[in-house]
Amino acid sequence: MKTRFLVNIVLVVTVVCMPGCKKKTPAPTEPQAKPEAKEARVMSANEESFGKTSEGREVNLYTLTNTNGLRAKITNYGAILVSLEVPDRDGNLADITLGFDALDGYLKMDTYFGATVGRYANRIGKAKFVLDGVEYELAANNGENHLHGGIKGFDKVVWKPEDLWANDNEALLKMSYISEDDEEGYPGNLACTVTYTLTKDDELKINYEAQTDKTTVVNLTNHSYFNLAGQGTGDILGHELTLNADKYTPVDEGLIPTGEIRSVKDSPMDFTLPMSIGSRIKQVGDGYDHNYVLNSGGGALALAARAYEPTSGRIMEIYTTEPGVQLYTGNFLDGSLTGKAGKVYKKHYAFCLETQHFPDSPNKPNFPSVVLHPGQKYTTETVHKFSTR
Ligand code: GAL
């Protein structure tokens, strides 16, 4: 007679809290019966040192893990997503984001690997804009234009850890940063938070909040470079991409939108049905580097994109409250950077899907507004959901 083993696994809850961070009491856990369970994986949130910045400030590396083994590593330098390990269709984990093994690589980079980008993600033409009749001059760090928040954007500052915990459903890290009035030329003191949450349903959620004491502009995003076959393993031209966008914003030579909102129909920009990224990439110059106008219009959380990598079976879906997404196919990667595990990053070795408001919105009255007034709260959410096929 066969003996049946019933293994009672009590999910262990890991709660780590650093000085000054709020400790939350996790929801009570019921013991769960899991027959023939091999390994008891738990939701966890941990902290370790990641070294010192050039100014000697200590920064940490935080690890969020879920019960299926998904693991996100995040540093509070630049609130950067350092790595994201996700299973393939056979359950094998691979890190699917480009980056560096050590802090030093992040201190030197100009590629924004995994970074939190702000105060204004993407470009602002001629590095200036007018708000309430006042012209603001920003740092010009991309020719005559302003890119990703300027010379020292949110990707190059140390964020303050606020919350780190895990319960049965999710593991969470919240960080804050106060961007001072006139920083990189922007008006108003802006208090921001970014929260990374890894759920038991294989989602990595990123939530941003911001409040200002003077009317300003805000556009925050995450700049992760994805390769669903595994970082550094080759180009992403074979990934199948679907974008829930019938329109995009064409750009000039400086990658500043012309103001037109154009249909993708009958053009290589069309990803309304699943298409391999490489199938028409040669028809778009150096590759894709365009803002798509999402059909949702922004506001409520809605599906923006789905990427599928056929050899591993990994699927990443992106849901967002933002009205746009920048598809960037790593066109400026040229093999001069060596990243994690000694991998060399060549052209098109990754793609970014940066959920956002449209580039140069402060100078484009027909684009959705990016203005934030005192008393208002900026809140956006983007969810990366992983599965396999
Ligand atoms: C992207 C942008 C590209 C390039 C890249 C960073 O967001 O669309 O043009 O600047 O960041 O190398």
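Only a predicted model underlies this, so the values are computations on that prediction, with no experimental measurement involved. (Residues numbered from 1 in each chain as written. Predicted model: local features only at pLDDT ≥ 70, side-chain atom pairs only at ≥ 80, totals over all residues. Heavy atoms only, no water.)

**Considering the sheet that holds strand β3 (residues 44-52)**
Sheet architecture is open: five strands sit in the order β3-β4-β5-β6-β7, paired in antiparallel fashion. Here the strands that pair on one side only, and so sit at the sheet edges, are β3 and β7 (93-95). Ignoring which end each strand starts from, the neighbouring axes of this sheet average 20° apart. In the sheet, strand β4 (residues 58-65) pairs with strand β5 (residues 71-75) via five bridges, with the strands oriented antiparallel. Bridging across to β5, T63 finds its partner in K73. (Pairing = 2+ DSSP bridges. Helix = DSSP H or I, 4+ residues; strand = E, 2+ residues; numbered from the N terminus. Axes fitted to C-alpha atoms, helices over the stretch in contact; angles between N-to-C directions.)

**Some words on the site of the ligand**
All residues in the neighbourhood of the ligand are listed as Y112, R123, L147, H148, H223, Y225, L255, D289, Q326, Y328, F332 and E354. Here R123 contributes a side-chain N or O atom positioned 3.0 Å from an oxygen atom of the ligand. H223 places a side-chain nitrogen or oxygen 2.8 Å from an oxygen atom of the ligand. Its residues assigned to classes, the shell around the ligand shows six nonpolar, three polar and three charged. (Near = heavy atom within 4 Å. Polar contact = N/O pair within 3.5 Å; in protein donor to acceptor, adjacent residues only side chain to side chain. Nonpolar A, V, L, I, M, F, W, Y, C, P; charged D, E, K, R; others polar.)

**Here's the deal with unusual backbone geometry**
Geometrically, the link from G118 to R119 is a cis peptide bond, its omega value of 5° lying close to zero. Within the secondary structure, R119 sits in the loop between β8 (115-117) and β9 (123-124). Look at A79: it is not a glycine, yet its phi comes out positive at around 45°. Take A79: it is sitting in the loop between β5 and β6 (80-87). A relative accessible area of 0% means that A79 is categorised as buried. Of note in this structure, D266 is not a glycine but carries a positive phi near 55°. (Buried < 20%, exposed > 50% of the residue type's maximum accessible area, 1.4 Å probe, protein only.)

**Focus: the pattern of salt bridges**
In this structure the tally under the stated criterion is 13 salt bridges. Note that K214 and D181 form a salt bridge whose closest N and O atoms lie 3.0 Å from each other. Pair noted here: K214 is in the loop between β16 (203-212) and β17 (216-217) and D181 is in the loop between β14 (170-179) and β15 (190-199), with a separation of 33 residues, a long-range link. The exposure class of D181 is partly exposed, given its relative accessible area of 34%. (Salt bridge = Lys/Arg side-chain N within 4 Å of Asp/Glu carboxyl O.)

**A look at the packing of aromatic side chains**
The tally for this structure, following the rule as stated, stands at 15 aromatic pairs. Considering the side-chain rings of F100 and Y106, the 5.2 Å spacing of their centres and the 85° angle between planes classify their relative orientation as edge-to-face. Judged by centre distance (6.3 Å) and plane angle (40°), the rings of Y248 and Y292 are tilted. You can see Y248 sitting in strand β20 (residues 247-249) and its partner Y292 sitting in strand β23 (residues 289-293), a full 44 residues away along the chain. Accessibility classification places Y248 together with Y292 in one group, the buried group. Among the aromatic residues, those joined into a cluster by ring pairs are F50, F100, Y106, F113, Y225, Y328, F332 and Y345. The positively charged end of R280 is found above the aromatic ring belonging to F271, 4.8 Å away from the centroid. (Phe/Tyr/Trp six-rings, centres within 6.5 Å; stacked < 30°, edge-to-face > 60°. Lys NZ or Arg CZ within 6 Å of the ring centre and 35° of its normal.)

**Some remarks on the confidence of the model for the protein chain**
This prediction gives the protein chain a mean pLDDT of 92; 90% of its residues lie at or above 70. Counting contacts from residues 1-38, a segment whose pLDDT is below 50, to residues more than four positions away or on other chains yields 61 contacts. (pLDDT = per-residue confidence, 0-100. Contact = heavy atoms within 4.5 Å.)

**Details of the pairing of strand β13 (residues 160-166)**
The buried fraction of β13 is high, at five of seven residues. The sheet contact formed by β13 and β14 spans six bridges and is antiparallel. If you follow A166 over to β14, its bridge partner there is A171. Count of turn residues in the β13/β14 antiparallel hairpin: three residues.

**What about the sheet that holds β20?**
One open sheet holds the five strands; their spatial order is β21-β20-β23-β26-β29, and the pairing between them is antiparallel. Unpaired on one side and paired on the other, β21 (262-263) and β29 (352-356) mark the two borders of the sheet. One ladder, built from three bridges, connects β20 with β23; its direction is antiparallel. Note that in β23 the partner of Y248 across the bridge is Y292.

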